[in-house]
Amino acid sequence: MDITYNILLPLLEMFAKWLNSYGWAIIALTVAIRVVLWPLVTSQTKSMQKMSQLQPMMKAMQKRYKDKPEMLQKKMMEFYKTNKVNPFGSCLPMLIQLPILFALYATFSGPPFQAKPIPVKVDIIDASQKEKYKSDQTSQANSPYVALNATQAKIVVHPGETVLPLGKTKDNTDTIDGKSSINFWVTACEGQLPSDFKVNWRISSDPNRASINPEGQASFPKPGKIVLEAIVSKEEGDKQIEQAVIPVTVDVLKDGVKQDGGNWSFGQGEDAFLTKTRLSLQSAQVSVDGKQMKLAIAPGESSIQAGKTARFVVVSADNETTNLPASLKVNWRIASDPNAASIDENGHAVFPEKGQFMIEAVVPGIAEKEPFYFIGSLGKVATGAKLLDPRNLDILSMIVLMGLTMVISQKLMVTTPAADMDPEQAAIQKQTQTMMPITFTIMFCFFPLPAGVLLYFVVSNVIQSLQTWFIMRTPQPALISGLDDNIDHDIDASSNQEKKTSDNDDDENKEDAQAVKVTGNKKKSRKKK
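What you see is a predicted model; the values in this text were computed from it and never measured. (Residues numbered from 1 in each chain as written. Predicted model: local features only at pLDDT ≥ 70, side-chain atom pairs only at ≥ 80, totals over all residues. Heavy atoms only, no water.)

Draft legend 1. Broad picture of the overall build of the chain. In terms of helices and strands, the chain carries nine helices and 23 strands. Relative to its 529 residues, the chain shows a buried fraction of 40%. Once local pairs closer than 6 in sequence are excluded, the contacts in the chain between residues at least 24 apart make up 69%. Here the chain has roughly 29,900 Å² of accessible surface; of this, 54% comes from carbon and sulfur atoms. (Helix = DSSP H or I, 4+ residues; strand = E, 2+ residues; numbered from the N terminus. Buried < 20%, exposed > 50% of the residue type's maximum accessible area, 1.4 Å probe, protein only. Contact = heavy atoms within 4.5 Å. Areas by Shrake-Rupley, 256 points an atom, 1.4 Å probe, with all protein chains shown as cover.)

Draft legend 2. Molecular detail of the environment of proline 223. Looking at the secondary structure, you find proline 223 in the loop between strand 10 (217-219) and strand 11 (224-236). In this structure, the C-alpha to C-alpha distance between proline 223 and alanine 210, residues 13 residues apart in sequence, is 9.8 Å.

Draft legend 3. Summary view of the sheet that holds strand 6 (residues 180-183). Here three strands make up an open sheet; going across it, the order is 6-22-21 and the pairing antiparallel. Of all the strands in the sheet, the pair left with one neighbour each is strand 6 and strand 21 (342-343). Bridging between strand 6 and strand 22 (residues 348-351) involves four bridges; their strand directions are antiparallel. If you follow asparagine 183 over to strand 22, its bridge partner there is histidine 348. (Pairing = 2+ DSSP bridges.)

Draft legend 4. Focus on a nonpolar patch on the surface. Where nonpolar side chains cluster on the molecular surface, the patch consists of Trp18, Leu19, Trp24, Tyr373 and Phe374 and spans about 660 Å² of accessible area. Counting through the fold element by element, tryptophan 24 comes out in helix 2 (residues 22-53). (Patch = residues over 30% accessible without salt bridge, like charges linked within 9 Å, V, L, I, M, F, W, Y side chains within 5 Å. Salt bridge = Lys/Arg side-chain N within 4 Å of Asp/Glu carboxyl O.)

Draft legend 5. Summary view of helix 1 (residues 3-19). Its 17 residues place the ends of helix 1 23 Å apart at the C-alpha level, agreeing with the 24 Å of an ideal helix rising 1.5 Å per residue. Within helix 1, the axis deviates most sharply at leucine 9, by approximately 30 degrees, and proline proline 10 lies no more than four positions further along. Among the residues of helix 1, those classed as buried are Thr4, Tyr5, Leu8, Leu9, Leu12, Glu13, Phe15 and Ala16. Note on helix 1: the residue one or two positions beyond its end, asparagine 20, has a positive phi of about 55 degrees. (Expected span 1.5 Å × (residues − 1). Bend = angle between axes of the 7 residues up to and from the residue.)

Draft legend 6. View of the packing of aromatic side chains. Applying the stated rule across the entire model yields ten aromatic pairs. Here the aromatic rings of phenylalanine 184 and tryptophan 201 are separated by 6.2 Å at their centres, their planes lie at 35 degrees, and the arrangement is tilted. Of this pair, phenylalanine 184 sits in the loop between strand 6 and strand 7 (185-191) while tryptophan 201 sits in strand 8 (residues 200-205), and the two are 17 residues apart along the sequence. You'll find phenylalanine 184 and tryptophan 201 in the same group, each marked buried. Put simply, the rings of Trp24, Phe372 and Tyr373 pair up and form one aromatic cluster. (Phe/Tyr/Trp six-rings, centres within 6.5 Å; stacked < 30°, edge-to-face > 60°.)

Draft legend 7. Focus on helix 8 (residues 451-472). In this model helix 8 runs 32 Å from its N-terminal to its C-terminal C-alpha over 22 residues, within 8% of the 32 Å that 1.5 Å per residue would give. Within helix 8, 16 of the 22 residues are buried, which leaves it mostly tucked inside the rest of the structure.

Draft legend 8. Structural context of the confidence of the model for the chain. On average, residues of the chain score 77 in pLDDT, and 75% of them are at 70 or above. Between the elements of the chain, mean pLDDT differs from a low of 48, seen in strand 13 (residues 264-266), to a high of 94, seen in strand 22. Segment residues 260-265: pLDDT under 50, and 15 contacts once partners within four positions in sequence are set aside and those in other chains are kept. Contacts from residues 497-502, a stretch scored under 50 in pLDDT, to residues over four places away or in other chains number zero contacts. (pLDDT = per-residue confidence, 0-100.)

Draft legend 9. Layout of the sheet that holds strand 5 (residues 162-165). An order of 2-5-1-23-8 is seen for the five strands of this open sheet, with the pairing classed as mixed. Unpaired on one side and paired on the other, strand 2 (134-135) and strand 8 mark the two borders of the sheet.

Draft legend 10. Summary view of the pattern of salt bridges. The full count for this structure, using the stated rule, is seven salt bridges. Between glutamate 360 and arginine 202 there is a salt bridge; the shortest N-O distance is 2.7 Å. With glutamate 360 in strand 23 (residues 355-363) and arginine 202 in strand 8, this pair connects stretches of sequence that are 158 residues apart.

Draft legend 11. Broad picture of unusual backbone geometry. Histidine 158 connects to proline 159 through a cis peptide bond whose omega is -15 degrees. Along the chain, proline 159 falls in the loop between strand 4 (152-158) and strand 5. In this structure, tyrosine 373 takes a positive phi of about 55 degrees despite not being glycine. One can find tyrosine 373 in the loop between strand 23 and helix 6 (393-413). Tyrosine 373 gets classed as exposed once you look at its relative accessible area, which sits at 66%.

Draft legend 12. Broad picture of the side chain of serine 460. Secondary-structure assignment places serine 460 in helix 8. Classification of serine 460 by relative accessible area gives buried; the value is 5%. When near neighbours in sequence (up to four residues on either side) are disregarded, serine 460 contacts Thr30 and Arg34.

As structure tokens, then:
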């Protein structure tokens, strides 16, 4: 049975419908899960508590039978049986909880809190290889779709992985323009999709597509006229408001073809290419701090050999400087590429070139942008240095809270004083208590988790801490230690020896203090004389 789809998501949707909030639904689901896990956690905590209480007796038993391992094992088993203690009692409940934890991660990491793509691989081959044509009925990956009205469905993409000759359609018929095409759609393999359900289609992998990164570094793998666009936006608070779109055309040449003319050489050596204008012919006016600024792209309209790369920047057209105001942000995109595969909102995909492509049907996250008190959005993800951004302090605060609640929970679980423990074991316990919360906190700073998942961990840790406190303050039944009079004698002797040593130390300290006092009195008498 799929725990995520059959249990957790229906519960989450039920709570969201009742409470009209996915944030409160997460808290309600967390409480429900902790209630279900209460007996397991109680058993785990009591087992750890008993094992901790048995440490002095086990230590004495190990000391007595250190040269008789078989006898030690036998006595240990009798000892555990008499006291009704299972040495693996703390591990079993933890193992039982693991599937639930994995299911919870799947619940919070996909819809409704994050968009989730369903990928389908398409391989466009040479037209002469018609015999290799194949098409799976559906995609292998599936994703649950959830909505506030508790509508649920597991969806797949039709068709699935496909091998198609160039110039053919999915039905293996010829096309007029020599491009391959496939019509994709989604359907429910479980449940029922609402009538207004839509996915977002995109091409996520295309070896023939020109590309440009956020720094303006562009790559042109195939010949053709490529249109780049710089989208200039202005930061206003937490939002970026689009100010202007500036286009520029790049003529990507075939191998061996050289373009003459141009008045500005951009780049050096093999990567050099010519521009017809130093700045883009089209420019845009933007308003910055009450002043007008004219922006353009450098280099402008350009010619470059296929397979080469180039760097583009947005500059002030007034003085050709790259020092733009900090409030202006530039995002780059490829607006037009004759070699690029494409897919429209209805799932109609066109592949003009051979290659391996990946199309994705992206299931939207219904509650991805839903705020919850100090949390900006339940689907928000931030890691690393981005956590220091004031807009992501909600994520950082929850990671810190998670670490603090883990520290509290661990401290509450310690039952045996350090004086009664083996020094080596006490050192390991102290190191674990210190390092585990720190390790997990640092790990979560770099592991991309939605805010909804972090909210679950914080609430879950708080409930577990309260549960641990309640269990630890409940009196435990007396332990039976009289399996062997000799062992009891060893424990008592060890305790008496420790007490005697402590008393001797106290007596010695008193004698030293008395001697110091007498010496001081003698010195005072001499001074008076």
